[in-house]
Amino acid sequence: DDIENVADENSAVKFLVFGAEANGKNIYSYNAAITDAVYIEGIVAAMKADSLGVPQIGFIAKSEDELTVRDAFLNGVAKVNPNIKVTTTSGEDAGAVAKELINAGCVVLASDYEDVAIADAAADNNVFFCGFGTEKLMEEHEDSFLCAPVYNFSQFYIDSIKALVDNTEFKSQS
């Protein structure tokens, strides 16, 4: 609603909105199809847990209301080994939640958001983790980092800016 109100008041400005279903003459919304990458992340996590002979993975969800990303991860894990136990939890303190999962026997951690505390807990306890949304944690945690699905909007931005400059029709994407 807020973006739609601002857009109405600023009709000469074009708005690109990520992760929302905003609509208007000068509002263009887009979203990422990150679940395919998260599915592959689940496969990687399961392969690592299998190789260690400990079929336990922890998944830390930012919200227990949005389960699309988690479900993609679980499907990837199940593709490798449906007997791997994945414990899903959430909490305000990601580091504390990560440590609880490690203490419960999880040898790989993953989440649907980036938090350095998860990476730190994994590294400090000699377990592995899958990042989310960026690979920047890889350099600081190279011994425990497995992979991370990453948003890459470069071609989308190039096409969008070109459409805006050329004053051609812009299409919202998802």
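Owing to the predicted nature of the structure, the values given are computational and were not obtained by experimental measurement. Once a new chain begins, its residue numbering starts again from 1 and follows that chain's sequence as written. Only residues with pLDDT of at least 70 are given local features in this predicted model, and only at 80 or more are side-chain atom pairs given and counted; all residues enter the totals for whole chains, interfaces and linings. The basis for the side-chain values is all heavy atoms of the structure; hydrogens and waters are excluded.

**Q** Hey, could you go over the packing of helix 4 (residues 94-103) against helix 5 (residues 116-124) for me, with residue numbers and the actual values?
**A** Running from N to C, helix 4 and helix 5 point in directions that differ by 35°, and their axes come no closer than 8 Å. Remark: the crossing between helix 4 and helix 5 carries right-handed chirality. From helix 4, Ala94, Gly95, Ala98, Lys99 and Ile102 reach across to helix 5, where they touch Ala117, Ile118, Ala121 and Ala122. Here the contact of helix 4 with helix 5 is composed, by residue class, of seven nonpolar, one polar and one charged. To obtain an axis, a line is fitted to C-alpha atoms, over the contacting stretch when the element is a helix, and the angle between two such axes runs from 0 to 180 degrees between their N-to-C directions. Secondary structure elements follow DSSP: runs of H or I no shorter than four residues count as helices, runs of E no shorter than two count as strands, and numbering proceeds from the N terminus. Note: crossing handedness is left-handed where the near helix turns anticlockwise from the far helix by less than a right angle, and right-handed where it turns clockwise. Contacts are assigned to residue pairs with any non-hydrogen atoms lying within 4.5 Å of each other. Amino acid classes used here: Ala, Val, Leu, Ile, Met, Phe, Trp, Tyr, Cys and Pro are nonpolar; Asp, Glu, Lys and Arg are charged; the rest, including Gly, are polar.

**Q** I'd love a proper account of the packing of aromatic side chains, names of residues and values included.
**A** Two aromatic rings, drawn from Phe, Tyr or Trp (for Trp, its six-membered ring), form a pair once their centres lie within 6.5 Å of each other, and the interplanar angle then sorts them: stacked below 30 degrees, edge-to-face above 60, tilted otherwise. As enumerated under the stated definition, the model contains eight aromatic pairs in all. With a centroid separation of 5.3 Å and 70° between ring planes, the pair formed by phenylalanine 18 and phenylalanine 153 is classed as edge-to-face. One end of the pair, phenylalanine 18, is in strand 1 (residues 15-18); the other, phenylalanine 153, is in the loop between strand 7 (145-147) and helix 7 (154-166), with 135 residues separating them in the sequence. Burial classes follow relative accessibility: with a 1.4 Å probe on protein chains only, a residue under 20% of its type's maximum area counts as buried, one over 50% as exposed, and anything between as partly exposed. On the basis of relative accessibility, which here comes to 38%, the residue phenylalanine 18 falls in the partly exposed class. By relative accessible area, which is 18% here, phenylalanine 153 ends up buried. An aromatic cluster of three or more residues is present, and its members are Phe18, Phe132, Tyr151, Phe153, Phe156 and Tyr157. We count a charge as sitting over a ring when the NZ of a lysine or the CZ of an arginine lies within 6 Å of the ring centre and within 35 degrees of the ring normal. The aromatic ring of phenylalanine 128 is capped on one face by lysine 48, whose charged end is 4.4 Å from the ring centroid.

**Q** Could you give an account of the side chain of serine 160, naming the residues involved and the relevant values?
**A** When you line up the elements, serine 160 lands in helix 7. Within the structure, serine 160 has its side chain in polar contact with the backbone oxygen of phenylalanine 156 (distance 2.7 Å). Two N or O atoms form a polar contact when they lie within 3.5 Å of each other; inside protein one atom must be a possible hydrogen donor and the other a possible acceptor, and for residues adjacent in sequence the pair counts only when both atoms belong to side chains.

**Q** Talk me through the nonpolar core; I want residue IDs and the actual numbers.
**A** General note: in soluble globular proteins, nonpolar side chains tend to be found buried as a group. Of all hydrophobic cores here, the largest spans 20 residues; its most connected members are Val38, Ile57, Phe73 and Val108. Elements supplying a minimum of two residues to this core: helix 2 (35-52), strand 3 (56-60), helix 3 (68-80), strand 5 (108-111) and strand 6 (128-130). Each residue touching isoleucine 57, except ones within four places of it in the same chain, is listed here: Ala45, Ala46, Ala49, Phe73, Val77, Ile84, Lys85, Val86, Thr87, Cys106 and Val108. Within this scheme, the nonpolar core is defined by two criteria: the residues are buried Ala, Val, Leu, Ile, Met, Phe, Trp, Tyr or Cys, and they are joined through side-chain atoms within 4.5 Å. Formed by 18 residues, the second largest nonpolar core is a distinct cluster that contains Ala98, Leu101, Leu109 and Ile118.

**Q** Give a description of helix 4 that names residues and reports values.
**A** Buried within helix 4 we find Ala94, Gly95, Val97, Ala98, Leu101 and Ile102. The buried side chains of helix 4 occupy one side of the element, clustering within an arc of 165° when seen end-on. Across from the buried face of helix 4, at angles greater than 90 degrees, the exposed residues are Glu100 and Asn103. Turning to helix 4, the residues buried within the fold contact strand 3, strand 4 (85-89), strand 5 and helix 5. Its side-chain oxygen placed 3.2 Å from the backbone nitrogen of glycine 95, aspartate 93 serves as the N-cap of helix 4. Taken from the helix axis, the directions to the C-beta atoms give the arc we talk about.

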